[in-house]
Each structure stands twice: as C-alpha cells, then as structure tokens.
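Architecture at a glance
The residues making up each chain are set out below.
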Amino acid sequence: MSITYALPKHSQAWQNALNSVANVLPIGMSITTAPLEQLPIFAIVVVVKRPHGNVDSLIQAWVDTQANWQAIIVHDDENAKTNAHLIEVQEPLADVSVHRYLLAQAQCIQMSDGERKAATHIIDEQLSTYLADRLDNDADVHILSVGQVLHDHRLACFDMDSTLIEQEVIVEIARFCGIEDKVLEITEQAMRGEIDFATSFARRVALLEGVLASVIDEIIAKRITFSSGAYAAIKALKALGYHTVLISGGFTPFAQYVAQTLGIDEYHANTLSVLGDELTGQIDDNIIDGNKKAAIVAKIANAHSLGMHQVVCVGDGANDLPMMHISDIGIAYHAKPIVKAKADAAINITGLEGVLYALGHRFDVHT
C-alpha cells in the first residue's frame, strides 16, 4: 500500500512570518535589502512524536521567560497547500507533528556573526532542554538562522553507511566472512586516536584479501536495508528541484546499488579492487575520507554553478563533519554525540524524512 504525502513549498510561509516582524529590525536594516544571514531573527522547527500536544503553548510559555523575545507561528498559506508536491511512498512516515516559528526580539539589535552564532547555541540549548523535560524527550528541536531556511538550496549530499542505509558495509563484509572481530579491533584503534582514518581503512580492507567478489552481491541482496524515510526524503528533495548526491567512504558496488534504488543523481565511493573472482585487499591512493568528501561537495556545487549557501549535507559520523561544515546546513542523522553537537540540526526521532523538517518543510497526509 502506498501513502501520498503533500509537501507544500515552504518559502512563502517563512517569508510571510518574516514580513510580520519587519517593524522590529534595527534602524537602517530592511528585510528586502539586508542579507538574510545578517537578520537577527531565528527559525525554530519543533518535531514532536504524537500524541504530544500544546506545543504552541509550551513555546509561548518559554518565550515569556525570555526578556525581549517574541515567537511568531509559521503557517502554510492556501496557495502553498494547493500547489503542494505529492510524494508517494510505500511506508508511513514517523507519526509526528511539525511546529514552526520565527523567534525575534521585540526590539531587535544588530548582531555580529559571532554574536548570532552564540545566541543560536544558547537558544538551542535552553529551548531543547525546556522541551525535552516537558515532552518526554520525544522532540527534535532545530534552531537555524532565518537565512538558512530561506536560502535557495539546490544540492543535497548524503553519507551512505548508517545514513541512507542501516548498515556499515565493511562490517557486513567482515561479518559475512567471519572476520568481524578483527575489523572492529582496527576501527576501535582509530576511534582511540592510535591510527588515522587512512591507515585504519587500509588495514581493514587488507583483511578482505582473497574474499570471493560474489559476496558483494549476496550482501546487497540479503543484508542491506534502507533507513526509514530514505525513499521519501530523496523523492521530496528531487521534487523540490535538488540535485542529490551520495558520498561514501564505503565501496562503489554498494553506493551504485543504493543510489540507483533511491533515484539519487550521482554517487562517489571507494573502489573495491578485484582480481579474477577475488578481492585483492588493496586500495588506491584516492581514499574518500572526511576532507575528500568536502572537496567532492565543493566540486559538485561549482559544476552546477551553486554557492555553498545552496548546499545541504547529511551524515552521522566524524568523517562527515568537513562536508557538513562547508555547507549552509549540516544535518546529523541519528549521529554520534560529537556530530550532533557540531551540526546545524540533529535528527533523532524520525527517519530521513526529518531532513525535510529540518529544512523548514512539513508533510501532510494527502487523501
């Protein structure tokens, strides 16, 4: 059974809310002339597991404790609803409600980039803690600048392992071949900082020497499962005009399968060397590590004549941080604590459809 979701274009909703606070901007600053990233106004998206309610009341109660701040609810207008993209998926998305707000000072003062970033972190920490205590930790709270939700994003780049799919492919190969403990031992050495990523990767791949290449197809057929919401996220982004890219420190056969299955426009991954019908255990010199991921993102953006303010990157691990750092919005997906802390937004309670929520969109079930 397929379910159809409506995805209204969100830009007008946010713009309407922004227009409503034009009168509180600092003297000399205008919504129509000031760069969006300079506006001292924040976008708040609260994603809550049902049946929690009264989120608007909770937000207002929190705002009432903050001197000189006001919250404006962001609604889709009827035109946006009428012209919504319809996205069909084979499984229901996480049962959540999405609440969107602009947070502005009752009388804004101009902020420097550093002050704005500091304010974002403070608001994020305070509001997230406040809501977590009242919503049983069943909420994702995303705090962005108003510029980030209104920028014309056109490129979305995803990590693969534990992001688009639920597995780590090198671990699956090792498990299939009975050498999982050896691979995990090398991985833990890297996590302790005893060896770097390149050395860790080379040593793990070396353990695969002599493994029949046919195991790759078996693992793809029997063990690879897609993350919840992956199909919906990619379909929705493409409907919105995004160029989608998979960038993985894993291997090309898996990346090709995942990209083609989900309809992702292009993929980049490490070559898995084969001689005859066996894996060689060798790697080339062009390993895709964190810095290489960032370089690939920048190259693709340039090839499509896009600025980095039009780029969104999604991942779960430390090697995703460089590409997330250079993008306009870096989104952590069910990620490690250090990645969550450094990302612009962190998805914890939904599947990958949460990427759309973090970008300021919302889905409605269409009947």
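Predicted model only: the values in this text are computed from it and were never measured. (Residues numbered from 1 in each chain as written. Predicted model: local features only at pLDDT ≥ 70, side-chain atom pairs only at ≥ 80, totals over all residues. Heavy atoms only, no water.)

1. Quick word on the overall build of the protein chain
Secondary structure summary: the protein chain contains 16 helices and 15 strands in total. At 22 Å, the protein chain has a C-alpha radius of gyration in line with the 21 Å of a compact globule built from 367 residues. The principal-axis extents of the C-alpha atoms in the protein chain amount to approximately 70 × 45 × 45 Å. Within the protein chain, the fraction of its 367 residues that count as buried is 52%. When contacts within the protein chain are restricted to residue pairs at least 6 apart in sequence, long-range pairs at least 24 apart make up 73% of them. Looking at the protein chain as shown, the accessible area adds up to about 16400 Å², and 49% of this sits on carbon and sulfur atoms. Considering the protein chain, the positive charge centre built from 25 side chains and the negative charge centre built from 45 side chains are found 1 Å apart. (Helix = DSSP H or I, 4+ residues; strand = E, 2+ residues; numbered from the N terminus. Rg over C-alpha atoms; globule rule 2.2 N^0.38 Å. Buried < 20%, exposed > 50% of the residue type's maximum accessible area, 1.4 Å probe, protein only. Contact = heavy atoms within 4.5 Å. Areas by Shrake-Rupley, 256 points an atom, 1.4 Å probe, with all protein chains shown as cover. Lys, Arg positive; Asp, Glu negative; His and termini not counted. Charge placed at Lys NZ, Arg CZ, Asp CG, Glu CD.)

2. Some details on the nonpolar core
Ranked by size, the top nonpolar core spans 88 residues in total, and within it Leu-102, Phe-254 and Ile-331 carry the most contacts. The greatest single-element share of this core, amounting to six residues, is contributed by helix H11 (residues 230-239). (Core = buried A, V, L, I, M, F, W, Y, C linked by side-chain atoms within 4.5 Å.)

3. So, the side chain of Ser-227
Along the polypeptide, Ser-227 turns up in the loop between helix H10 (214-222) and H11. Here the side chain of Ser-227 touches Thr-163 through a polar contact of 2.6 Å, landing on its backbone oxygen. (Polar contact = N/O pair within 3.5 Å; in protein donor to acceptor, adjacent residues only side chain to side chain.)

4. Let's talk about the sheet that holds strand E15 (residues 364-365)
Spatially, the three strands line up as an open sheet ordered E4-E1-E15, and their pairing is antiparallel. In this open sheet, the two strands that pair with only one neighbour each are strand E4 (85-89) and E15. Relative to E15, strand E1 (residues 3-7) runs antiparallel, the two being bridged by two bridges. Directly across from Tyr-5, in E15, lies its bridge partner Val-365. Contacting E1 and E4, H11 crosses the sheet at an angle of about 155° to E4. (Pairing = 2+ DSSP bridges. Axes fitted to C-alpha atoms, helices over the stretch in contact; angles between N-to-C directions.)

5. Thoughts on the environment of Ser-327
Topologically, Ser-327 is positioned in the loop between helix H14 (321-326) and strand E13 (329-333). Owing to a relative accessible area of 8%, Ser-327 belongs among the buried residues under this scheme. The sequence separation of Ser-327 and Val-311 amounts to 16 residues, and the corresponding C-alpha distance is 5.1 Å. Contacts of Ser-327, omitting those with residues within four sequence positions, involve Met-308, Val-311, Val-312 and Cys-313.

6. Details of helix H2 (residues 55-64)
Among the residues of H2, those classed as buried are Val-55, Leu-58, Ile-59, Trp-62 and Val-63. Buried positions in H2, seen along its axis, are confined to an arc of 135° and lie on one side of it. Tucked inside the fold, the buried residues of H2 contact strand E2 (41-49), strand E3 (69-73), strand E5 (96-105) and helix H4 (113-134). (Arc of directions from axis to C-beta.)

7. Focus: the environment of Pro-92
Mapped onto the secondary structure, Pro-92 falls in the loop between E4 and E5. Residues Pro-92 and Ile-170, 78 residues apart in the sequence, show an inter-C-alpha distance of 30 Å. With residues up to four places along the chain from it excluded, the contact list for Pro-92 reads Ile-3 and Tyr-5.

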